[in-house]
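# Close look at the chain arrangement
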Amino acid sequence: MKTRNSIVLAILCLALALGHTDNAWAGKNADMRVAYVLKNLGIKRDVQQKLQPLLVSYMADKKTANKPYDTLKDKLKPSIEAGTITEKQAQELLTRKWDAAEKELAVKRQYETKFRTVLSAKKTYLCFDLLNDKKSKIRGEDEKD
């Protein structure tokens with residue numbers, strides 16, 4: 001029993017030491033998006049290794065910036081779809097949307113500087129462009145008209 005507890009404690013300490021507990025890779029979609037960007041950016045493997053943790057951190061920070069808006073939107077989704085959203089709810093959604101957009105822009109500007117430590121301006125622009133591709137394009141699905 002003590003051995004099992006010691007092993008669990010060691011694993012938790014290792015996870016904390018590696019620092020992956022705060023962003024938890026930002027989810028499966030973020031993993032897919034990071035892999036897509038690294039594959040399509042056309043950079044050498046050593047640059048990819050330097051860029052990957054920056055991309056993972058960027059995705060987590062971007063998700064954090066949008067969380068208040070996303071949470072409220074998910075909560076109100078049935079009302080939005082039914083067309084029964086109130087004026088007060090709509091105003092709160094708008095307020096959170098603009099706040100999230102401002103925070104997201106700040107994150108993008110912050111990470112432009114970080115990406116530029118590894119990439120040229122041209123590759124940094126391409127990186128942000130690839131980060132904005134639709135999920136269907138990232139998955140390789142055919143787009144329907």
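Scope of this entry: the structure provided in the associated data block. From a predicted model like this one, the values you see are computed outputs, not experimental measurements.

## Regarding helix α2 (residues 28–40)
Its 13 residues give α2 an end-to-end C-alpha distance of 18 Å, which sits within 8% of 18 Å, the value for a rise of 1.5 Å per residue. Looking only at α2, the buried set comprises A30, R33, V34, Y36, V37 and L38. Where α2 is buried, its residues contact α3 (45–82), α5 (121–131) and α6 (135–139). Phi turns positive, to about 70°, at G42, one or two residues after α2.

## Side note on the pattern of salt bridges
Where charged atoms of side chains with opposite charge meet at close range, the side chains can pair. Under the criterion given, the structure shown has 4 salt bridges. Among the ionic pairs, R96 bridges to E92, the shortest N-O distance being 2.8 Å. Linking R96 with E92, this pair stays in helix α4 (residues 87–116), spanning 4 residues, or about one helical turn. Notably, a salt bridge pairs E104 with K108, separated by 3.4 Å at the nearest N-O pair.

## Here we look at the packing of α3 against α4
Two elements in contact, α3 and α4, have axes whose closest approach is 10 Å; the angle formed by their N-to-C orientations is 175°. In terms of orientation, α3 and α4 fall into the roughly antiparallel class.

## Overview of the nonpolar core
Soluble, globular proteins show a tendency: their nonpolar side chains are buried together. Ranked by internal contacts, the top residues of the largest apolar core, which has 24 residues, are L51, L55, F115 and L131. If one sorts the elements of this core by residue count, α3 sits on top with 8 residues. The residues contacting F115, other than those within four sequence positions of it, are L51, L54, L55, Y58, T124, C127, F128 and L131. Counting residues in each nonpolar core, the second largest holds 5 residues, with Y69, L76, L93 and A100 among its members.

What counts and how
Residues numbered from 1 in each chain as written. Predicted model: local features only at pLDDT ≥ 70, side-chain atom pairs only at ≥ 80, totals over all residues. Heavy atoms only, no water. Helix = DSSP H or I, 4+ residues; strand = E, 2+ residues; numbered from the N terminus. Expected span 1.5 Å × (residues − 1). Buried < 20%, exposed > 50% of the residue type's maximum accessible area, 1.4 Å probe, protein only. Contact = heavy atoms within 4.5 Å. Salt bridge = Lys/Arg side-chain N within 4 Å of Asp/Glu carboxyl O. Axes fitted to C-alpha atoms, helices over the stretch in contact; angles between N-to-C directions. Parallel < 35°, antiparallel > 145°, perpendicular 65-115°, else oblique. Core = buried A, V, L, I, M, F, W, Y, C linked by side-chain atoms within 4.5 Å.

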